[in-house]
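Residues per chain are reported as follows:
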Amino acid sequence: MSARRACRGRACRFASGLVAALALAGCMAPTPYKAADDGFGYSQQQIEQNRYRVSFSGNAITPRSTVQNYLLYRAAEVTVDSGHDYFIVVDDNLERSTRYHGTVDPWFPGSFRARGDPFYDPFPATLNAYPIDEYTAFADIQVFRGDKPADNPRAYDARDVLNRLAPIIVRETPEGATS
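Quantities reported herein were computed from a predicted structural model and do not represent experimental measurements.

## Quick word on the sheet that holds strand β2 (residues 51-57)
Read from one edge of the open sheet, five strands run β1-β2-β4-β3-β5, paired in antiparallel fashion. Each end of this open sheet is capped by a strand with a single partner; those strands are β1 (41-48) and β5 (155-157). Averaged over all pairs of adjacent strands, the angle between strand axes in this sheet comes to 35°, irrespective of strand direction. Strand contacts of helix α4 (residues 158-165): β3 (86-102) and β5, with the helix running at about 70° to β5, the strand carrying the most contacts.

## A word on the side chain of E77
Positionally, E77 belongs in helix α3 (residues 64-81). A distance of 2.6 Å separates the side chain of E77 from the side chain of R74, its partner in a polar contact. With near-sequence residues (within four places) excluded, E77 lies in contact with Y33, L162 and R171.

## Remarks on the packing of aromatic side chains
Tallying each qualifying case throughout the model produces seven aromatic pairs. Between Y33 and F56, the aromatic rings sit 6.5 Å apart at their centres with planes inclined by 0°, giving stacked as the arrangement. Residue Y33 is found in the loop between α2 (10-26) and β1, and its partner F56 is found in strand β2; the two are separated by 23 residues along the sequence. For the residue pair Y33 and F56, the accessibility class agrees, reading buried in each case. Note on F56 and Y70: the rings are 5.0 Å apart at their centroids and 90° apart in plane angle, and the pair reads as edge-to-face. Here Y70 lies in helix α3 and F56 lies in strand β2, a separation of 14 residues in the sequence. The pair formed by F56 and Y70 is uniform in burial state, with each residue classed as buried. Taken together, the ring pairs connect Y33, Y42, F56, Y70 and Y73 into an aromatic cluster.

## Here we look at the pattern of salt bridges
Scanning all chains against the criterion turns up nine salt bridges. Taking the shortest distance from any N to any O, the salt bridge between R99 and E134 comes out at 3.3 Å. Linking R99 in strand β3 with E134 in strand β4 (residues 129-144), this pair joins segments that are 35 residues apart in sequence. Taking relative accessible area as the criterion, R99 reaches 44% and is therefore assigned partly exposed. For E134, a relative accessible area of 17% corresponds to the buried category. We note a salt bridge from R164 to D160, for which the minimum N-O separation is 2.8 Å. Of this pair, R164 and D160 both sit in helix α4, four residues apart, roughly one helical turn. Exposure remark for R164: the relative accessible area of 63% places this residue in the exposed category. Judged by its relative accessible area of 34%, D160 falls in the partly exposed class.

## Side note on the nonpolar core
Membership of the largest hydrophobic core comes to 24 residues, with the highest contact counts inside it found for Y33, F56, F87 and I141. For this core, the secondary-structure elements that each account for two or more residues are β2, α3, β3, β4 and α4. With seven residues, α3 is the single largest residue contributor to this core. In contact with F56, not counting residues within four places along its chain, are T31, P32, Y33, K34, G41, Y42, V67, Y70, L71, Y135, T136 and A137.

## A short note on the layout of surface pockets
By volume, the second largest pocket amounts to about 200 Å³. What lines the second largest pocket is a set of 15 residues, and nearest its centre among them are L71, L72, V89, D92 and Y156. For the lining of the second largest pocket, the secondary-structure elements that each account for two or more residues are α3, β3 and β4. Of the residues forming the lining of the second largest pocket, the biggest block, five residues, is contributed by β3.

Scoring rules and cut-offs
- Residues numbered from 1 in each chain as written.
- Predicted model: local features only at pLDDT ≥ 70, side-chain atom pairs only at ≥ 80, totals over all residues.
- Heavy atoms only, no water.
- Pairing = 2+ DSSP bridges.
- Helix = DSSP H or I, 4+ residues; strand = E, 2+ residues; numbered from the N terminus.
- Axes fitted to C-alpha atoms, helices over the stretch in contact; angles between N-to-C directions.
- Contact = heavy atoms within 4.5 Å.
- Polar contact = N/O pair within 3.5 Å; in protein donor to acceptor, adjacent residues only side chain to side chain.
- Phe/Tyr/Trp six-rings, centres within 6.5 Å; stacked < 30°, edge-to-face > 60°.
- Buried < 20%, exposed > 50% of the residue type's maximum accessible area, 1.4 Å probe, protein only.
- Salt bridge = Lys/Arg side-chain N within 4 Å of Asp/Glu carboxyl O.
- Core = buried A, V, L, I, M, F, W, Y, C linked by side-chain atoms within 4.5 Å.
- 1 Å grid on protein atoms, 1.4 Å probe; cavity = no way out; pocket = protein on both sides within 12 Å on 5 of 7 lines; lining within 4 Å.
- Points joined across faces, edges and corners; volume = space filled by probe spheres on them.

As structure tokens, then:
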């Protein structure tokens, strides 16, 4: 039996789509911690004297947890850079955008055939699609000087956040590679 006839079912088409997705992912890297010059990375905007809106957007292979950690790291940097000691997350949100990528069945290109054809496929190759999720996290923060209030679970000591998250932060190198 030829490879073309052995691999005709949905499972085989799914596997070929998965292989294509993994090949595409092999060419990409998760969004590093960087300014959002290309739409991915961090940004911030000062809203009032002690209030900022901070965001981090990750590409299709940046995990949700990384996006959230990088957002907190950026909020801590903004706090310290503005001469403050702690920040309070006043409002936060995480958005997921999903798009679908379709693949072509490499084992049987042109699978649109008539019903009388012995190789007729009622589920043509163009139905092979997989979701691609991208996450963007947002937070409105207020920055303050002094000791973090112990009774507020939305308050973060900026220097402590920087120290604890620093080991997992992957930065962009000047050549565009990540380190």
